[in-house]
Amino acid sequence: MEKFVLHWGEMGNKWGVNRTVAQIHALLFLAGKPMNAEEIQETLGVARSNVSNSIKELQSLNLVQTVHTLGDRRDYFTTGTDVWELAKVIVEERYRRELAPTVGFLADLINEPEFATENKDIQQRIKDTHQFVDTLTSWANEMLKLSSTTLNRILKLGATIQKFLKWWEMMDWDNDCNISDWQSFNLLYSIWRWDWRS
């Protein structure tokens, strides 16, 4: 457990998250049971103030919840143990904090009167950026609506979807499909159904 917690702390730094914040989340994730601040402090060997500030940050990210134990006045803290659900929470929070404001900013920028006076190439690059971020956020929002099981299956389909799209692009849809074309389609469809059920 110690190696996992330490590594998660290092990864947190690379993702722009405080090391202790990431370590506390990793500890609660692996523990699979509520822990109070004293237990977290003793396990990680960090200052109590650091634990308190880190828990507040995790709560603001909706990654940690406060629970209480009968006969104990102290606060206990817990997190989910379903890695897919945790990933969805992280994506939702990053979307809310980073992507949504960016989409709004770019839309407002494009609608400003001064934007029309900019160089055409600059206008197009900003419009392309807005379209990219908007498409990415729309896709992410649709994915977040899915259950963890369905999302897992979709991600496993990656290679199959790529094969299907390549085949689709090569098709000459202006002409009638011949037998071999439909056989190829049926083969890919069969692979897709097999992957989806596995």
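To keep things clear, this report deals only with the structure shown in the data block. It should be emphasised that the depicted structure is a prediction, and the values quoted were computed from it without experimental measurement. Note on numbering: residues in each chain are counted from 1, in written sequence order. The predicted origin of the model limits local features to residues at a pLDDT of at least 70 and limits the giving and counting of side-chain atom pairs to 80 or more, whereas totals for whole chains, interfaces and linings rest on all residues. Side-chain metrics rest on all non-hydrogen atoms present in the structure, leaving aside hydrogens and water.

With that settled, the discussion passes to the pattern of salt bridges. Put simply, a salt bridge is a Lys or Arg side-chain nitrogen that is within 4 Å of an Asp or Glu carboxyl oxygen. Applying the stated criterion to the full structure yields eight salt bridges. For E57, the salt bridge identified is with R97, shortest N-O distance 3.8 Å. Of this pair, E57 sits in helix α4 (residues 48-60) while R97 is found in helix α5 (residues 83-111), placing the two residues 40 residues apart along the sequence. The shortest N-O distance in the salt bridge between R96 and E93 comes to 2.4 Å. Remark: E93 and R96 occur in helix α5; sequence separation between them is three residues, near one turn of the helix. For the exposure calls, accessible area comes from a 1.4 Å probe over protein chains only, and a residue counts as buried if that area is under 20% of its type's maximum, exposed if over 50%, partly exposed in between. Take R96: its relative accessible area is 45%, and that puts it in the partly exposed class. Since its relative accessible area comes to 8%, E93 is described here as buried. What counts as a helix is a DSSP run of H or I of at least four residues, what counts as a strand is a run of E of at least two, and both are numbered from the N terminus.

Looking now at the packing of helix α2 (residues 19-31) against helix α3 (residues 37-44). Lines fitted to C-alpha atoms define the axes here, with helix axes fitted over just the stretch in contact, and angles between the N-to-C directions of these axes take values from 0 to 180 degrees. The N-to-C vectors of α2 and α3 enclose an angle of 110°; their axes lie 11 Å apart at closest approach. One element, α2, and the other, α3, form an angle in the roughly perpendicular class. From α2, Q23, I24, L27 and L28 reach across to α3, where they touch I40, T43 and L44. The residue makeup of the contact of α2 with α3, split by class, is five nonpolar, two polar and no charged. For classification purposes, angles smaller than 35 degrees are called roughly parallel, those larger than 145 roughly antiparallel, those between 65 and 115 roughly perpendicular, and all remaining angles oblique. Note on contacts: a residue pair is in contact if any heavy atoms of the two residues lie within 4.5 Å. Ten residue types, Ala, Val, Leu, Ile, Met, Phe, Trp, Tyr, Cys and Pro, are classed as nonpolar, four, Asp, Glu, Lys and Arg, as charged, and the remainder, Gly among them, as polar.

Close contact between α5 and helix α6 (residues 120-144) brings their axes to 9 Å; oriented N to C, the two are set at 150°. Regarding the angle of α5 to α6, the classification is roughly antiparallel. You can see that α5 and α6 cross each other, and the crossing is left-handed. Packed against α5, whose contacting residues are K88, V91, E92, Y95, L99, T102, V103, L106, A107, L109 and I110, the element α6 presents I126, K127, T129, H130, V133, D134, T137, N141 and L144 at the interface. Considering only residue class, the contact of α5 with α6 consists of eleven nonpolar, five polar and four charged. By convention, the crossing between two helices is left-handed when the near helix turns anticlockwise from the far helix through less than a right angle, and right-handed when the turn is clockwise.

Within the fold, N119 resides in the loop between α5 and α6. N or O atoms within 3.5 Å of each other form a polar contact, as long as, within protein, one can give a hydrogen and the other can take it, and as long as residues adjacent in sequence are counted only when both atoms are side-chain atoms. A distance of 2.7 Å separates a polar atom in the side chain of N119 from the backbone nitrogen of D121.

Among the nonpolar cores identified, the biggest contains 19 residues, and I24, L28, I40, L44, V51 and F77 are the most heavily contacted of them. Per-element accounting of this core gives the leading share, five residues, to α2. In contact with I24, other than residues within four places in its own chain, are I40, L44, V51, S54, I55 and L58. Joining through side-chain atoms within 4.5 Å is the link that ties buried Ala, Val, Leu, Ile, Met, Phe, Trp, Tyr and Cys residues into a set, and such a set is a nonpolar core.

Multiplying 1.5 Å by the residue count of a helix minus one yields the expected span of that helix. Between its first and last C-alpha, α6 extends 36 Å over 25 residues, near the 36 Å set by a 1.5 Å rise per residue. Burial in α6 covers these residues: Q123, I126, H130, V133, T137, A140, M143 and L144. If you follow the buried residues of α6, they end up packed against α5 and α7 (148-156). Here α6 starts with a cap whose side-chain oxygen sits 2.7 Å from the backbone nitrogen of D121, and that cap is N119.

Right, let's get into the layout of surface pockets. Using a 1 Å grid laid over the protein atoms alone, points where a 1.4 Å probe fits but cannot get out form a cavity; open sets with protein on both sides within 12 Å along at least 5 of 7 lines form a pocket; any residue with an atom within 4 Å of a point counts as lining. Grid points are joined across faces, edges and corners, and a volume is the space filled by probe spheres set on the points. Computed from the structure, the largest pocket encloses a volume of approximately 620 Å³. If you go around the largest pocket, you meet 25 residues; those closest to its centre are W15, V17, L61, L63 and I90. Contributions of two or more residues to the lining of the largest pocket are made by α1 (2-14), α2, α4 and α5. Among the elements that line the lining of the largest pocket, the one with the most residues is α5, at nine residues. Within this model, the second largest pocket holds a volume of roughly 260 Å³. If you go around the second largest pocket, you meet 15 residues; those closest to its centre are V91, W139, A140, M143 and L144. Mapped by element, the contributors of at least two residues to the lining of the second largest pocket are α5, α6 and α7. Sort the elements by how many residues they give to the lining of the second largest pocket and α5 lands first, with eight residues. Looking at side-chain class alone, the lining of the second largest pocket contains twelve nonpolar, no polar and three charged residues.

That is the geometry; function is a separate question.
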